[in-house]
Each structure stands twice: as structure tokens, then as C-alpha cells.
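Chain by chain, the residues:
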Amino acid sequence: MITYKNNKSTVNVEITRHAVLQMQDRYNKLFDRKITAIEAEQQIIKRFPGCNRLKNLKQVEKTRVKKYSGVTLFFRDLDFTFVVQDAKLMSVEISRAGKRHLNKISEFQVYKM
């Protein structure tokens, strides 16, 4: 369980299985090191408290907020962006400059030779 503070209180955030699997996949892509699901969850727990909540959203983030009725929050550290919806960590994305394209490449994607 991770937490963040809003204007009124501390909010507990549930880490979804999808977010853990994404952390595993994207950690491997970014650092070229495979980690287990337990290590991925530990990375989330370790990194999330140091994140800054994004308040000045870019167009892509505004579109996503609109799609999910404005309950989407973005938290970013140097390497990853954490997407929280309704007090659940739904997604982990690579946010490091020059490496964001790795978000679109699936580990299971088949390449034509």
C-alpha cells in the first residue's frame, strides 16, 4: 500500500496487479535488468513517496483525465510516471527523456526480419 497527501487528508492507494506487471516490464526495458513481481512492487513502494504530483498537465494527460472523468492523478519521478485513478495505481510509464518510446514496445511484440 502506498499513500499520498491531498488538501484534506492522506489517501491510501492500492497497487494493482497490472501496475506491478508494467513496472516489471518497463524496469527491464529502462535498466536492462529483469526483476520479479515482488521486486517490482518494492520498487513502486520505494519510488512513489519521492514523486511529485503533476498539476500542469500536457494535452495527452488532459485527454486521459477527460476519458476517466477527471479522477486521474499523475505522479512523476525521474524515471517513471505513476497513474492513479480512484485511489488505485493503474499504470506505470517510463518518463525519462529520450526513453519514453519504450512504453509502446511490448516485451511480447514479434519483430519481422
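The written sequence of each chain sets the order in which its residues are numbered from 1. Since the coordinates come from a predicted model, pLDDT governs what is reported: local features require at least 70, and pairs of side-chain atoms require 80 or more to be given and counted, while whole-chain, interface and lining totals use all residues. Think of the side-chain values as coming from all heavy atoms in the structure, minus any hydrogens and water.

Visitor: So what's going on with the environment of Lys99? Residues and values would help.
Guide: Counting through the fold element by element, Lys99 comes out in the segment after β6 (88-94). C-alpha of Lys99 to C-alpha of Lys29: the two residues are 70 residues apart in sequence and 9.1 Å apart in space. Working definition: helices are DSSP H or I runs of at least four residues, strands are E runs of at least two. Numbering for both runs from the N terminus.

Visitor: Any details on the confidence of the model for the chain? Residues and values, ideally.
Guide: As a per-residue quantity, pLDDT reports the predictor's confidence and falls between 0 and 100. In the predicted model, the chain carries a mean pLDDT of 86, and the fraction of residues at 70 or more is 89%. No element of the chain has a lower mean pLDDT than helix α3 (residues 59-67), at 78, and none a higher one than helix α2 (residues 37-47), at 96.

Visitor: Before we move on, could you go through the pairing of strand β1 (residues 2-5) and cite the residues and values that matter?
Guide: Note on classification: 1.4 Å probe, protein chains only; a residue is buried when its accessible area is under 20% of the maximum for its type, exposed when over 50%, partly exposed between these limits. The two faces of β1 differ: Ile2 and Tyr4 on one face are buried, but Thr3 and Lys5 on the other face are not. Where β1 lies against strand β2 (residues 10-15), four bridges are found, and the strand directions are antiparallel. Its bridge partner lying in β2, Tyr4 is registered against Val11. Here, a strand pair is defined by DSSP locating no fewer than two bridges between the strands.

Visitor: Account for the pattern of salt bridges, naming residues and giving values.
Guide: Side chains that carry opposite charge are capable of pairing whenever their charged atoms lie near each other. Definition used for salt bridges: Asp or Glu carboxyl oxygen within 4 Å of a side-chain nitrogen of Lys or Arg. Here the structure, examined in full by the defined rule, presents five salt bridges. The shortest N-O distance in the salt bridge between Asp25 and Lys29 comes to 3.1 Å. Separated by four residues within a single helix, Asp25 and Lys29 lie in helix α1 (residues 17-31), roughly one turn from each other. Asp25 sits in the buried class, given a relative accessible area of 16%. Between Asp79 and Arg96 there is a salt bridge, and its shortest N-O distance comes to 2.8 Å. Of the two residues, Asp79 sits in the loop between β4 (72-76) and β5 (80-85) while Arg96 sits in the segment after β6, which places them 17 residues apart along the sequence.

Visitor: If you had to explain the side chain of Asp79 to someone new, which residues and values would you point to?
Guide: Of the residues examined, Asp79 reaches a relative accessible area of 10% and is grouped as buried. Among the polar contacts made by the side chain of Asp79, one reaches the side chain of Arg96 at a distance of 2.8 Å. Contacts were defined at the residue level, with two residues in contact if any of their heavy atoms lie within 4.5 Å. Residues in contact with Asp79, not counting those within four places in the same chain, are Leu30, Phe31, Arg47, Glu93, Ile94, Ser95 and Arg96. Polar contact criterion, stated in full: a pair of N or O atoms within 3.5 Å, where within protein one must be able to donate a hydrogen and the other to accept it, and residues adjacent in sequence count only if both atoms are side-chain atoms.

Visitor: Any chance you could break down the layout of surface pockets for me, citing the residues and the numbers?
Guide: Here a cavity denotes grid points, spaced 1 Å and computed from the protein atoms alone, that fit a 1.4 Å probe unable to get out, and a pocket denotes an open set having protein on both sides within 12 Å along at least 5 of 7 lines; residues with an atom within 4 Å of a point are the lining. Grid points are joined across faces, edges and corners, and a volume is the space filled by probe spheres set on the points. Taken as a whole, the largest pocket spans an internal volume of roughly 410 Å³. Together, 14 residues line the largest pocket, and Val60, Glu93, Ile94, Arg100 and Asn103 are the ones closest to its centre. Only α3, β4 and β6 provide two or more residues apiece to the lining of the largest pocket. If one sorts the elements of the lining of the largest pocket by residue count, α3 sits on top with three residues. Classification convention: Asp, Glu, Lys, Arg as charged; Ala, Val, Leu, Ile, Met, Phe, Trp, Tyr, Cys, Pro as nonpolar; all other residues, Gly among them, as polar. Looking at the lining of the largest pocket residue by residue, the class counts come to three nonpolar, three polar and eight charged.

Visitor: An account of the sheet that holds β5 is requested, with residue identities and associated values reported.
Guide: The six strands are arranged β1-β2-β6-β5-β4-β3 in an open sheet whose pairing can be described as mixed. The open sheet terminates on both sides in strands that have one partner only, identified here as β1 and β3 (52-53). Note that β3 and β4 share two bridges and pair antiparallel. Residue pairing in the sheet places Asn52 in a bridge with Arg76 of β4. Each of β4, β5 and β6 is contacted by α3, which is oriented at about 145 degrees to β4, the strand it contacts most. The angle between two axes is taken between their N-to-C directions and runs from 0 to 180 degrees, where each axis is a line fitted to C-alpha atoms and a helix contributes only its stretch in contact.

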